[in-house]
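# Examination of the molecular architecture
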Amino acid sequence: MAQRQQPIELFMPPNMLKAKVGGGLGGADMAAMKRAEAAMDGLKGEFADWIADDVKKLIEARARYAKTQDADSRAALLRAAHDIKGQAPTFNYPLIARVAGSLSRMIGELPPHTAVPVALVDAHVNAIQVIHKMALQDTNDKTAQALCAELDARVDDLLKAKK
Amino acid sequence: MSGYRFDRLKILVVDDNIHMRKLVTTILQAFGVVQIYEADSGDRAWTVLRESNPDVIVLDWVMEGMSGIELVNMIRANPASPNPFVPVIMLTGHTSFEHVREARDAGINEFIAKPVSVKTMMSRLVAVIENPRPYVRTSGYFGPCRRRRGAEDYRGPERRAENAKQQAAE
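These figures come from a predicted structure and were not determined experimentally.

Counting secondary structure elements, chain A contains 6 helices and 1 strand. Counting from the amino terminus, chain A carries its helices and strands in the arrangement β-α-α-α-α-α-α. Against the 2.2 N^0.38 benchmark of 15 Å for 163 residues, chain A shows a C-alpha radius of gyration of 22 Å, more extended than a compact globule. When its C-alpha atoms are laid out on the principal axes, chain A stretches across 55 × 50 × 30 Å. Expressed as a percentage of its 163 residues, the buried residues of chain A come to 31%. Taking all contacts inside chain A whose residues are at least 6 apart in sequence as the whole, residues at least 24 apart take part in 64%.

Quick look at the pairing of strand β2 (residues 35–39) of chain B now. Each regular strand displays side chains that alternate between the two surfaces of the sheet. Residue and element names in this part refer to chain B. Relative to β2, strand β1 (residues 10–14) runs parallel, the two being bridged by 5 bridges. Pairing of Leu12 across the sheet is with Tyr37, part of β2. Assessed by its sense of winding, the connection that carries the chain from β1 through helix α1 (residues 18–31) to β2 is right-handed.

Once that is clear, we can look at unusual backbone geometry. Looking along the chain, the bond that leaves B:Lys114 and enters B:Pro115 is cis, with omega of 5°. With respect to the helices and strands, the residue B:Pro115 is situated in the loop between β5 (110–113) and α5 (118–130). We note that A:Ala135 has phi near 55°; this positive angle belongs to a residue other than glycine. Within the secondary structure layout, A:Ala135 lies in the loop between α5 (118–133) and α6 (142–162). In this model, B:Asn53 sits at a positive phi of 45°, which is unusual for a non-glycine residue. Here B:Asn53 lies in the loop between α2 (42–52) and β3 (56–60).

Facing 44 residues of chain A, the contacting portion of chain B comprises 49 residues. Of all the elements in the fold, those that place two or more residues in the side of chain A that touches chain B are β1 (9–11), α1 (16–21), α2 (30–67) and α3 (71–87) of chain A. Per element, the largest residue contribution to the side of chain A that touches chain B is 11 residues, and it comes from α2(A). Each residue belonging to the side of chain A that touches chain B can be placed in one class, and the counts come to 21 nonpolar, 13 polar and 10 charged.

Another aspect to go through is the sheet that holds β1(A). Strand order in this open sheet of 3 strands is β1(A)-β6(B)-β7(B), and the pairing throughout is antiparallel. A single partner strand is all that each edge strand has here, and the edge strands are β1 of chain A together with β7 (142–144) of chain B. Between one strand axis and the next, the sheet turns through 20° on average, direction left out of account. Where strand β6 (residues 135–137) of chain B lies against β7(B), 3 bridges are found, and the strand directions are antiparallel. From the neighbouring strand, B:Tyr135 faces β7(B), where its bridge partner is B:Pro144.

This part covers the sheet that holds β1(B). Residues and elements named next belong to chain B. Here 5 strands make up an open sheet; going across it, the order is β2-β1-β3-β4-β5 and the pairing parallel. Of all strands in the sheet, those bounded by a partner on one side alone are β2 and β5. The average angle at which neighbouring strand axes cross in this sheet is 20°, direction not considered. In the sheet, β1 pairs with β3 via 4 bridges, with the strands oriented parallel. If you follow Val13 over to β3, its bridge partner there is Val58.

Of all hydrophobic cores here, the largest spans 49 residues; its most connected members are B:Val24, B:Ile27, B:Val58, B:Leu59, B:Val88 and B:Met90. Here this core gets 7 residues from one element, more than from any other, and that element is α1(B). Leave out the neighbours within four places in its chain, and B:Leu59 touches B:Val14, B:Gly68, B:Leu71, B:Val88, B:Ile89, B:Met90 and B:Leu91. If you look at the next biggest cluster of nonpolar residues, it comprises 31 residues, including A:Val55, A:Phe91, A:Ala97 and A:Ala144.

Time to look at the pairing of β3(B). Residue and element names in this part refer to chain B. The element β3 is largely enclosed, with a buried count of 5 among its 5 residues. A two-sided burial pattern is seen for β3, the buried positions comprising Val56, Val58 and Asp60 on one face and Ile57 and Leu59 on the other. Here 4 bridges tie β3 to strand β4 (residues 88–92), and the two strands are oriented parallel to one another. Opposite Val58, over in β4, you have Ile89 as the bridge partner.

Reading the values: rules and limits
- Residues numbered from 1 in each chain as written.
- Chains lettered and ligands numbered in written order.
- Predicted model: local features only at pLDDT ≥ 70, side-chain atom pairs only at ≥ 80, totals over all residues.
- Helix = DSSP H or I, 4+ residues; strand = E, 2+ residues; numbered from the N terminus.
- Rg over C-alpha atoms; globule rule 2.2 N^0.38 Å.
- Buried ≥ 20, exposed ≤ 12 C-beta atoms within 10 Å, placed from the backbone.
- Contact = placed C-beta atoms within 7 Å.
- Pairing = 2+ DSSP bridges.
- Right-handed = clockwise from strand over helix to strand, strands pointing away.
- Nonpolar A, V, L, I, M, F, W, Y, C, P; charged D, E, K, R; others polar.
- Axes fitted to C-alpha atoms, helices over the stretch in contact; angles between N-to-C directions.
- Core = buried A, V, L, I, M, F, W, Y, C linked by C-beta atoms within 7 Å.

Following this line, the structure appears as structure tokens:
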């Protein structure tokens, strides 16, 4: 049997959390989940403003990156795209999430010393603006699907060439 | 009904996006959590953490300045940390296997891939209450054990020490 290469201390701390909240039966609290679903429904009226705010931040980050292509502006652009990727499905904009995911992938996977092409950044941000302006929430929209596929393909090509 | 007294919990929500913070706090409040602290950056979270000593942290990964991963490293290793064992639930748009592994290696207890849902939030909260992982201390790592089963019998190489060396070299 192989020996450990360095001493390892393995221990189980007392479960203070369980002692604090109790819950002898374990499992999900269904009543709490129902309340939370209702609370989420109550927020839906704000989602249109929230996605508009996120898109605005992305546009601002794009403008900053186009003006000065440095590590800070690139990181800000990635954060803006990454936020939209994670949140847009909740705000009922899955297509925007997909395009933002493609933009995040491009920025995140290109080596740090390789500049992110502004034209391809613009193509993604413009697509997000169009989807938002047209309020396209249906993932079956053929034109939007074709646009997403085209952006994915261009990012694939870029990453293959640069890696 | 599980009978959890979520009203006894103190939870810190860390996210630089105000909408995501509102979404998470709304869910937690509906669960019955009363004491919810918010921070919009890793630096602010470190301050709030030391003031409030929360029972659970819900943490974003990608933030300006200190990242979620860097904050977890401080929570686990910094002598000024009020509770190195505090359960951390990472909520992130990163979804690849490599990212999940990186989060685990940094000392995350549970992982939620955005978009957040009520069901997933409940399941991860219950997981940190009901199924806490043992903790490991080595020369290069302190945090929850990555292996949920069989950790006691593990006799293989200490990969985390290698990870720590690689990170130090980078």
